[in-house]
Amino acid sequence: MISAARLRSGLSLLRPRDVAVRVDRCPFCGPTLFVRLRREAVGVRCARCAASAIHLVMGWALRDNVQDLADCDACELSARGPLADFLRRTAKSAALSEYFADAEPGAYRDGIRCEDAQRLSYADASFDLVTHTEVLEHVPDDARAFAELHRVLRPGGTMLFTVPLYGGYPTIERARLRNGDVEHMMEPAYHIDPLRGAGILAFRDYGLDIVERLRAAGFAEASVVTSQRRIPWLGAFPVVLSKKAAEDRA
Ligand SMILES: [Zn+2]
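My aim in this report is to walk through the structure given alongside it, one point at a time.

About the thresholds
Throughout, residues of each chain are indexed from 1 in the direction in which the sequence is written. With pLDDT at 70 or above as the cut-off, local features in this predicted model cover only qualifying residues; side-chain atom pairs require 80 or more to be listed or tallied, and sums for whole chains, interfaces and linings still use all residues. The basis for the side-chain values is all heavy atoms of the structure; hydrogens and waters are excluded. If DSSP finds at least two bridges between two strands, the strands pair. Only runs of H or I of at least four residues qualify as helices and only runs of E of at least two qualify as strands under DSSP, and these elements are numbered from the N terminus. Lines are fitted to the C-alpha atoms to define the axes, a helix being fitted only along its stretch in contact, and any angle between axes, read from their N-to-C directions, falls within 0 to 180 degrees. Water is not among the atoms examined, so metal sites may look incomplete; donors are the N, O and S atoms within 2.8 Å of the metal, or within 3.2 Å for Na, K and Ca. Each label reflects the angles at the metal, where four donors whose angles all fall between 85 and 135 degrees are tetrahedral, four or six donors whose opposite pairs open beyond 155 degrees and whose other angles stay between 65 and 115 are square planar or octahedral respectively, and the rest are irregular. Here's how the labels work: a residue is buried when its accessible area is under 20% of the maximum for its type, exposed when over 50%, partly exposed in between, all with a 1.4 Å probe on protein chains only. Residue contacts are defined here by distance: any two heavy atoms, one from each residue, within 4.5 Å place the two residues in contact. For the purposes of these results, a polar contact is taken to be a pair of N or O atoms within 3.5 Å, where, inside protein, one atom must be able to donate a hydrogen and its partner to accept one; residues adjacent in sequence count only when each atom of the pair is a side-chain atom. Buried residues of nine kinds, namely Ala, Val, Leu, Ile, Met, Phe, Trp, Tyr and Cys, make up a nonpolar core once their side-chain atoms join them within 4.5 Å.

**Remarks on the sheet that holds strand E1 (residues 20–26)**
Logical step 1: Read across the open sheet, the three strands follow the order E1-E2-E3; overall the sheet is antiparallel. Only two strands of the sheet have a single partner each, and these edge strands are E1 and strand E3 (44–46). Taking the axes of each pair of neighbouring strands and ignoring which way they run, one obtains an average angle of 30 degrees across the sheet.
Logical step 2: For E1 and strand E2 (residues 30–36), the ladder comprises seven bridges, and the chain directions are antiparallel. Note on E2: the bridge partner recorded for Arg 25 is Pro 31.

**Observations regarding the coordination of the zinc ion**
Logical step 1: Distances from the zinc ion to its protein donors, namely Cys 26 (SG), Cys 29 (SG), Cys 46 (SG) and Cys 49 (SG), fall within the range 2.3 to 2.4 Å.
Logical step 2: Coordination at the zinc ion is tetrahedral, judged from the four donor atoms that bind it and the angles of 97 to 121 degrees they form at the metal.
Logical step 3: For the zinc ion, the single-chain donor residues occur in sequence as C-x2-C-x16-C-x2-C. In this pair, Cys 26 is assigned in strand E1 and Cys 46 in strand E3, connecting sequence segments 20 residues apart. Each member of the pair, Cys 26 as well as Cys 46, carries the same accessibility label: buried.

**Points about the pairing of strand E17 (residues 238–243)**
Logical step 1: Across four bridges, strand E9 (residues 153–162) lies against E17 in antiparallel orientation. Across the sheet, Thr 158 pairs through a bridge with Lys 243, a residue of E17.

**Regarding the sheet that holds strand E4 (residues 73–76)**
Logical step 1: Reading across the sheet, the eight strands line up as E6-E7-E5-E4-E8-E9-E17-E16 and stay open at both edges, with mixed pairing between neighbours. Every other strand in the sheet has two partners, leaving strand E6 (108–109) and strand E16 (221–226) as the edge strands with one partner each.
Logical step 2: Pairing of strand E5 (residues 93–98) with strand E7 (residues 112–114) involves two bridges; the strand directions are parallel. In the sheet register, Glu 98 faces E7, and the bridge partner there is Cys 114.
Logical step 3: Contacting strand E8 (127–133) and E9, helix H4 (residues 142–152) crosses the sheet at an angle of about 135 degrees to E9.

**Focus on the environment of Leu 120**
Logical step 1: Within the secondary structure layout, Leu 120 lies in the loop between E7 and E8.
Logical step 2: Along the sequence, Leu 120 and Arg 151 sit 31 residues apart, while their C-alpha atoms lie 9.3 Å from each other.

**Regarding the side chain of Ser 227**
Logical step 1: Within the element layout of this structure, Ser 227 appears in the loop between E16 and E17.
Logical step 2: A distance of 3.0 Å separates the side chain of Ser 227 from the backbone nitrogen of Arg 229, its partner in a polar contact.
Logical step 3: Setting aside chain neighbours within four positions, we find Ser 227 in contact with Trp 60, Asp 64 and Ala 236.

**Concerning the nonpolar core**
Logical step 1: Cys 26, Leu 62, Leu 69, Leu 129 and Leu 160 are the most contacted members of the largest nonpolar core, which has 28 residues in total.
Logical step 2: For this core, the secondary-structure elements that each account for two or more residues are E3, helix H2 (53–65), helix H3 (82–90) and E17.
Logical step 3: Sort the elements by how many residues they give to this core and H2 lands first, with seven residues.
Logical step 4: Counting 26 residues, the second-largest nonpolar core is a separate cluster that includes Tyr 122, Phe 127, Leu 153 and Phe 219.

In structure tokens:
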């Protein structure tokens, strides 16, 4: 069932001359039709579950890298959409949340838990799996966020996520917070927030040193991985895979 909001968002992407349809497999809902509404990554969707290219990449990465999802207590830094829905019905449990600038971590707004990756309200070692998509580039202090995400993982736990990776080296810091104010080091870049429909500031463009940032935050393993599964019309996208040491050395 396609909701009115999804239909509206689909129609806003539509470029009639770019439209194409292909039969393929979706990691969330199986054999399906994919539709291309326009010739950009944002224009490709699963016709059944509305998964976007980023969701599909995460779906294949979960299937490749997390064999025991039904036994996992999962934490995902979004509360809506195909990835959140998939975790809700497939994982042992799924702690889903959204970021609201004016809400305290752990509070609820319209039934949705509010969390800030820099100061999560979850207890230490709560989860076997942590996921997030296109979030960390918008977090002012990502070192703190990575340390928090490591804290809430159990020993041996996995974090799987996407950020826009530009493939170079090192990460380019575009902006930072100084005494609560945003200081721009470069021309501001805004990414579309699907929940709010507004642009949100990217604090950085991640390079391949993201794996060093993860190790500095305590992760025992960190790598950039690419699934064998191709996204229709778009090909492969990288995902960042990191693991907490099996025995907590703290
Ligand atoms: Zn699907």
